[in-house]
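Coordinate analysis (summary)
As a plain string of letters, each chain reads:
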Amino acid sequence: MRVTSGTVSATSDCKASVHDVQRKCNVNLRRSSTENIVSKVSCSLLNVEDGLNDEACELVNGLELSIGEGADSINAYLFTAVKNNNGCGILLLSDIFGFEDSSTREFAYRVACNGYNVLVPDLFRGDPWAKDRPKIIFEQWIARQDPQRVAKDIAASTKWMVDEFVAAGISKKLGIIGFCYGGGRVIEVLARDQGACFGIGISFYGTRMDPSLASQIMVPVLFISGDNDPLCPISVLKDIGTTIGRGSQVVVFGERGHGFAHRPASPEEDGDAEQAFMTMRNFLYDGLVINN
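Residues numbered from 1 in each chain as written. Predicted model: local features only at pLDDT ≥ 70, side-chain atom pairs only at ≥ 80, totals over all residues. Heavy atoms only, no water.

Our next topic: the pattern of salt bridges. For the structure on display, the rule yields 12 salt bridges. Across the salt bridge formed by K159 and D163, the nearest N and O atoms sit 2.9 Å from each other. On the criterion of helical spacing, the pair formed by K159 and D163 is a turn pair, its members being 4 residues apart in helix α5 (residues 147-166). Among the ionic pairs, D272 bridges to R256, the shortest N-O distance being 2.7 Å. Placement of the pair is D272 in helix α8 (residues 267-289) and R256 in the loop between β11 (249-253) and α8, with a sequence separation of 16 residues. (Salt bridge = Lys/Arg side-chain N within 4 Å of Asp/Glu carboxyl O. Helix = DSSP H or I, 4+ residues; strand = E, 2+ residues; numbered from the N terminus.)

Given below as structure tokens:
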């Protein structure tokens, strides 16, 4: 396991990578609860190194869909790269604000913009946490999110992706990314999966993680967090990463709190969010695209 601290050192390996390209996506987000949508994302390459396709990251399709039938069906959103699709599927687990949240969808668009097929399921069955809710009822709300039901919905989403991408011979393994609440579920999913479907995992400042599950994880995991995040203790991440091994990494950004990578709140956080994205992108490319 590699442990990296600080913004500069967190990207030192990225700068040496031949596929290190800074991409900036202008996202035109449209959503509907009643009909399928095709959404376009136009991206401009800011810094293209030799050997890369300069037409990459040009177009992404977005599609709302329902997985399963009847009372067991769950809503999800699928983002697919058009011109530069590498055939790899990514399951993205949202934070407590749900799969329709603009920050989560914009991040998913950016991942798809780099060639992936990204599925974002509704983990909360239409009842995500809202910022205007009193914090005093948060524990009541989270208690209603039955862990077994959430695990079942994630399993259904995984099966859908396996049928779409793995069984079709497009991709050998899937990747999984999670933020906050979803980042904690990444550990549970990979422990249950035992390397059957997922080839790599990425957890952004995961919450409510169970360190005892680490020994059951059979694939490398990238952990990204800030050292000023009380919801995701760095010591816990390091212990989990050490137990998993297998090329896992813990990347720590100094003076950053919870949610900085997908919800940057200042110009300084914008810079670290970009570095975190590049670190994630390179980890995905090395572990999923090259080895897939």
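Before going further, it helps to examine the packing of α5 against helix α6 (residues 181-193). Each packed pair of helices is defined by two parameters, the angle between the axes and the distance between the axes. Between α5 and α6, the shortest axis-to-axis distance is 11 Å and the interhelical angle comes to 70°. Here α5 is positioned roughly perpendicular relative to α6, judged by the angle of their axes. Between α5 and α6, the contacting residues are V150, A151 and I154 on the first element and Y181, R185, V189 and R192 on the second. Class assignment of the residues belonging to the contact of α5 with α6 gives a composition of 5 nonpolar, no polar and 2 charged. (Axes fitted to C-alpha atoms, helices over the stretch in contact; angles between N-to-C directions. Parallel < 35°, antiparallel > 145°, perpendicular 65-115°, else oblique. Contact = heavy atoms within 4.5 Å. Nonpolar A, V, L, I, M, F, W, Y, C, P; charged D, E, K, R; others polar.)

This next bit is on the packing of helix α3 (residues 102-113) against α8. The contact between α3 and α8 brings their axes to 11 Å, and the two run at 45°. When the axes of α3 and α8 are compared, the pair comes out oblique. Classified by chirality, the crossing of α8 by α3 is right-handed. Seen from α3, the contacting residues are F107, R110 and V111; seen from α8, they are E274, F277 and M280. In the contact of α3 with α8, the residues fall into 4 nonpolar, no polar and 2 charged. (Left-handed = near helix turned anticlockwise from the far one by under 90°.)

It is worth spelling out unusual backbone geometry at this point. Its identity as a non-glycine residue notwithstanding, C180 has a phi of 50°, on the positive side. Within the secondary structure layout, C180 lies in the loop between β8 (174-179) and α6. One non-glycine residue with positive phi stands out, namely E255, at about 60°. Mapped onto the secondary structure, E255 falls in the loop between β11 and α8.

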